[in-house]
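# Residue-level structural notes
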Amino acid sequence: MTKLSVNINKIATLRNSRGGNNPDVIKAAIDVQRFGADGVTVHPRPDERHITYADVRGIKPIITTEFNIEGNCREQKFVDLVLEVKPHQVTLVPDAQGQLTSDHGWDTIAHANYLREMIALFKQAGIRVSIFVDPVLRMVEGAAATGTDRIELYTEAYARQFAAGNREAAAAPYVAAARRARELGLGINAGHDLDRFNLQYFHQQIPFLQEVSIGHALICDALYLGLENTIQIYKRQLIS
Ligand code: PXP
């Protein structure tokens, strides 16, 4: 089964636009799980413009599924937060300061020593580690050498090509990367720009995916379709 982890950053963004506590991020985390999500993802950034560090601490106790915290481990504040909160999984992303959204995977060869150290730190704390990578065989092989438990395939390129009508070509590098990762004993997650149109095909090509994390498109759909219905629609894309 491929798990759907719902990224609730956008709910915090909406709240932050007005001050106050509407919508309530903790309630949203409770509700996405009640509506069928298999996990909750948050991506705290150093400027706390979406999810705040206080949100992350507040969400942990209400998790009944899986808690995934994504972020840039070059920020000591992020590392301290993850070690304090101890989510089920940390996903390490090579974001630069002030980046709008994640837009590249790790160079697992150039940063091999650094990644090995960080991954060992989180694993010693009992936290599963996933690292964000592009669908490039060398990067997947490099990832396996870092000791990470999983990789998260960065799916923006897939989404773009899928939308342009080239679905086989869009999926091909991901299928190759996922097969190689599996051969090397790595677990495989995927995320970024997945939506209710491109998700099913991606899953059909890589049925052994362990988890997808989806935020932007799912929360946008929820405005029209409702959060519970939307989560159920996304879950159905992962059945076939
Ligand atoms: N995975 C990572 C590493 C991300 O940074 C993001 C965006 O925060 C996502 C997945 C989810 O992407 P989207 O919001 O496009 O679904």
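Residues numbered from 1 in each chain as written. Predicted model: local features only at pLDDT ≥ 70, side-chain atom pairs only at ≥ 80, totals over all residues. Heavy atoms only, no water.

With that settled, consider the pattern of salt bridges. In total, this model carries 16 salt bridges according to the counting rule given. Salt-bridge contacts for E48 lead to K77; the nearest nitrogen and oxygen are separated by 3.8 Å. With E48 in the loop between β2 (39-42) and α3 (53-59) and K77 in helix α4 (residues 76-85), this residue pair connects regions lying 29 residues apart in the sequence. Between R196 and D221 there is a salt bridge; the shortest N-O distance is 3.1 Å. With a gap of 25 residues between them, R196 in the loop between β7 (187-191) and α9 (199-205) and D221 in helix α10 (residues 216-225) connect regions that are remote in the sequence. Judged by relative accessible area, which is 28%, R196 ranks as partly exposed. A relative accessible area of 12% means that D221 is categorised as buried. Connected through salt bridges with shared partners, the residues K3, E66, R128, R150 and E211 form a single ionic network. (Salt bridge = Lys/Arg side-chain N within 4 Å of Asp/Glu carboxyl O. Helix = DSSP H or I, 4+ residues; strand = E, 2+ residues; numbered from the N terminus. Buried < 20%, exposed > 50% of the residue type's maximum accessible area, 1.4 Å probe, protein only.)

Turning to the site of the ligand, a few remarks are in order. Around the ligand, a shell composed of 15 residues is seen, among which S102, E152, D193, G215 and H216 lie nearest. A distance of 3.2 Å is found between a nitrogen atom of the ligand and a side-chain nitrogen or oxygen belonging to E70. In this structure, an oxygen atom belonging to the ligand sits 2.8 Å away from a main-chain N or O atom of D193. Here the ligand, which alone exposes 400 Å², has 93% of that area covered by the protein. Counted by class, the shell around the ligand contains three nonpolar, nine polar and three charged residues. (Near = heavy atom within 4 Å. Polar contact = N/O pair within 3.5 Å; in protein donor to acceptor, adjacent residues only side chain to side chain. Areas by Shrake-Rupley, 256 points an atom, 1.4 Å probe, with all protein chains shown as cover. Nonpolar A, V, L, I, M, F, W, Y, C, P; charged D, E, K, R; others polar.)

Next up on the list: the packing of aromatic side chains. For the coordinates displayed, the defined rule picks out seven aromatic pairs. A centroid spacing of 5.7 Å and a plane angle of 50° characterise the contact between Y158 and F162, whose relative ring orientation is tilted. Here Y158 pairs with F162, and both are found in helix α7 (residues 156-163), just four residues apart, close to one helical turn. In this structure, Y158 and F162 share a single accessibility class: buried. Between Y158 and F202, the ring centres sit 4.8 Å apart and the planes meet at 55°, which makes this aromatic pair tilted. (Phe/Tyr/Trp six-rings, centres within 6.5 Å; stacked < 30°, edge-to-face > 60°.)

Together, L223, Y224 and L225 line one region of the surface with nonpolar side chains, adding up to about 410 Å² of accessible area. Turning to its location among the elements, L223 is positioned in helix α10. (Patch = residues over 30% accessible without salt bridge, like charges linked within 9 Å, V, L, I, M, F, W, Y side chains within 5 Å.)

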